[in-house]
Amino acid sequence: MTASDISSWWHPSRHADRRPGLLARARIDAGIRGWLAAREFLIVDPPGLQISPGNEAHLHAFATTMIGNDGQGQAMYLHTSPEFTMKKLLAAGETRIASLQHVWRNRERSALHHPEFTMLEWYRSGEPYEAIIADTLALIRLAADTTGIGQFAFRGRVCDPRAEAERISVAEAFERHAGIDLLATMDSDGVPDGDALAAQMERLGMAVSDDRAWSYLFTQILVDKVEPHLGNGRVTVLDRYPACEAALARRVPGDRRVSERFEVYAAGVELANGFGELTDAAEQRVRFAAEMEEKARIYGERYPIDEDFLRALDLMPEASGVALGFDRLVMLAVGAQRIEAVLWAPVAE
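The shown structure was predicted, so the numbers you read here are calculated from the model rather than taken from an experiment.

Conventions and cut-offs
Residues numbered from 1 in each chain as written. Predicted model: local features only at pLDDT ≥ 70, side-chain atom pairs only at ≥ 80, totals over all residues. Heavy atoms only, no water. Phe/Tyr/Trp six-rings, centres within 6.5 Å; stacked < 30°, edge-to-face > 60°. Pairing = 2+ DSSP bridges. Helix = DSSP H or I, 4+ residues; strand = E, 2+ residues; numbered from the N terminus. Contact = heavy atoms within 4.5 Å. Axes fitted to C-alpha atoms, helices over the stretch in contact; angles between N-to-C directions. Buried < 20%, exposed > 50% of the residue type's maximum accessible area, 1.4 Å probe, protein only. Core = buried A, V, L, I, M, F, W, Y, C linked by side-chain atoms within 4.5 Å. Polar contact = N/O pair within 3.5 Å; in protein donor to acceptor, adjacent residues only side chain to side chain. Parallel < 35°, antiparallel > 145°, perpendicular 65-115°, else oblique. Left-handed = near helix turned anticlockwise from the far one by under 90°.

### Observations concerning the packing of aromatic side chains
The geometry of an aromatic ring pair is captured by the separation of the ring centres together with the interplanar angle, meaning the angle of the planes. Following the criterion strictly, the structure yields eight aromatic pairs and no others. Within the aromatic cluster, the residues linked to one another by ring pairs are Phe 174, Trp 214, Phe 218 and Tyr 241.

### Points about the sheet that holds strand E11 (residues 236–239)
On the basis of which strands lie adjacent, the open sheet formed by eight strands has the order E1-E5-E6-E16-E15-E14-E11-E9 and mixed pairing. Strand pairing shows two members of the sheet lacking a second neighbour, strand E1 (42–43) and strand E9 (166–169), which therefore form its edges. In terms of strand pairing, E11 meets strand E14 (residues 261–266) through four bridges, oriented antiparallel. Each residue of the ladder has a partner; that of Val 237, found in E14, is Val 264. Packing against the sheet, helix H3 (residues 83–92) makes contact with strand E5 (96–104), strand E6 (116–125), strand E15 (269–276) and strand E16 (319–325), and its axis sits at approximately 25 degrees to E6. Of the strands in this sheet, E6, E9, E11, E14, E15 and E16 touch helix H4 (residues 129–147), which is tilted by about 135 degrees from E6.

### A short note on the environment of Ala 98
Relative to the elements of secondary structure, Ala 98 occurs in strand E5. Exposure remark for Ala 98: the relative accessible area of 0% places this residue in the buried category. In sequence terms Ala 98 and Pro 46 are 52 residues apart; their C-alpha atoms lie 10.0 Å from each other. Aside from chain neighbours lying at most four places away, what touches Ala 98 is Leu 36, Leu 42, Ile 43, Val 44, Met 86, Glu 121 and Trp 122.

### Examining the nonpolar core
One finds Ile 32, Leu 120, Trp 122, Phe 152, Phe 154, Phe 262 and Leu 329 to be the most contacted residues of the largest nonpolar core, which totals 46 residues. By residue number, the principal contributor to this core is H4, which donates ten residues. Contact partners of Leu 120, with chain neighbours within four places excluded, come to Ile 32, Leu 36, Ser 99, Leu 100, Leu 139, Val 322, Ala 323 and Leu 324.

### Quick look at the side chain of Thr 236
Along the chain, the position of Thr 236 falls in strand E11. Thr 236 gets classed as buried once you look at its relative accessible area, which sits at 0%. A polar contact is formed between the side chain of Thr 236 and the backbone nitrogen of Gly 231, at a distance of 2.8 Å. Excluding residues within four positions of it along the chain, Thr 236 makes contact with Glu 166, Ile 168, Leu 230, Gly 231, Glu 263, Val 264 and Tyr 265.

### Some points on the packing of helix H2 (residues 12–38) against helix H10 (residues 326–334)
Closest axis-to-axis distance for the H2/H10 pair is 10 Å, and the angle between their directions is 120 degrees. By the angle between their axes, H2 is oblique relative to H10. The crossing of H2 and H10 is right-handed. On H10, the residues that touch Gly 21, Ala 24, Arg 25, Ile 28, Asp 29 and Ile 32 of H2 are Phe 326, Asp 327, Leu 329, Val 330, Ala 333 and Val 334.

### Details of H10
Helical geometry: 3.6 residues make up each α-helical turn, so side chains three or four residues apart lie on a common side. Taken across its nine residues, H10 has eight buried, putting it largely inside the fold. Buried within H10 we find Phe 326, Asp 327, Arg 328, Leu 329, Val 330, Met 331, Leu 332 and Ala 333. Just past H10, the residue Gly 335 takes up positive phi, approximately 80 degrees.

### Let's talk about the sheet that holds strand E3 (residues 62–67)
One open sheet holds the three strands; their spatial order is E2-E4-E3, and the pairing between them is antiparallel. Of all the strands in the sheet, the pair left with one neighbour each is strand E2 (49–50) and E3. As defined by bridge partners, E3 adjoins strand E4 (residues 73–78) across six bridges and the pair is classed as antiparallel. From the neighbouring strand, Met 66 faces E4, where its bridge partner is Gln 74.

### What about the environment of His 114?
Residue placement: His 114 occurs in the loop between E5 and E6. Residue His 114 is classed as buried on the basis of its relative accessible area, which comes to 2%. Expressed as a C-alpha distance, the spacing of His 114 and Gly 54, which sit 60 residues apart in the sequence, is 18 Å. With near-sequence residues (within four places) excluded, His 114 lies in contact with Arg 105, Glu 108, Arg 109, Ile 339, Glu 340, Leu 343, Pro 346 and Val 347. A polar atom in the side chain of His 114 sits 3.0 Å from the backbone nitrogen of Val 347.

### Regarding unusual backbone geometry
A positive phi angle, near 65 degrees, is found at Glu 40, a position not held by glycine. Topologically, Glu 40 is positioned in the loop between H2 and E1. For Arg 155, which is not glycine, the phi torsion reads 50 degrees and is therefore positive. Within the secondary structure, Arg 155 is located in the loop between strand E7 (152–154) and strand E8 (157–160).

So, in structure tokens, the structure goes:
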């Protein structure tokens, strides 16, 4: 047996080290399913193979070809989220649904990323996104209580998962942590101005790249200046994202510049991304087209739009939904520092 065999995840000695975290994963999985069942959520099983993997500029899919009985091929993708199928189920009349299954994202591998991972996604028809935020915080506490861990820790940052969560808007966070007046860089309809954002950055002495696209600069500030302050000591709910950064969320009533999108951070780790769901098919089409134009500009590729999904939006009721990185939650609940530590079988490198 070679040294590489001994270091492989399937070697008995290596598996023995990993097994406690994997057993904790199984307990958290069971606890979440029980929690959902107690609240009358129906666990659904969307297919991973889709016509469109999603239409967000910076999400990258795995492509394949489906061969029919006639021998003809059709381009297909492994989904990056079960979102489109689940919203079709809401249109069909389901009211509380959840999925706990594998999804796939290309160009992603790090301590917190894996090309194939498990996503917990759930929806409440006819309920506001405050209800989904409350769900998310409850499940974070459930994971901590399942393992008995006192605090989450990742790369020197700690978080009490049972403490009252901080809730802050994106605009407030940019002002507090970066000195940026984000809303001043958009018009009243939420159309962003990259030059206006770049000018604020330059006045504050921040480096501005040659790419002065508003979305690029927004992400740069978020990652460099804002995210280091999120989820420290307690969970942070970062909400009311700019509308141009929330392609699938409805706008906040009374302010078209921002949308009902939130993200949840714990110990600096992004755990969840949720929305008050957009149900306007015409606006959704415009947003998808804009996202694919940006994808083509940056990466030289685009994905097809799921026309079936847009038709379903005409029947979909108002709803709220969220996707939570199950593996990341398990990581924090067992004190692991890499996602592979809590995967039963990591993808080979």
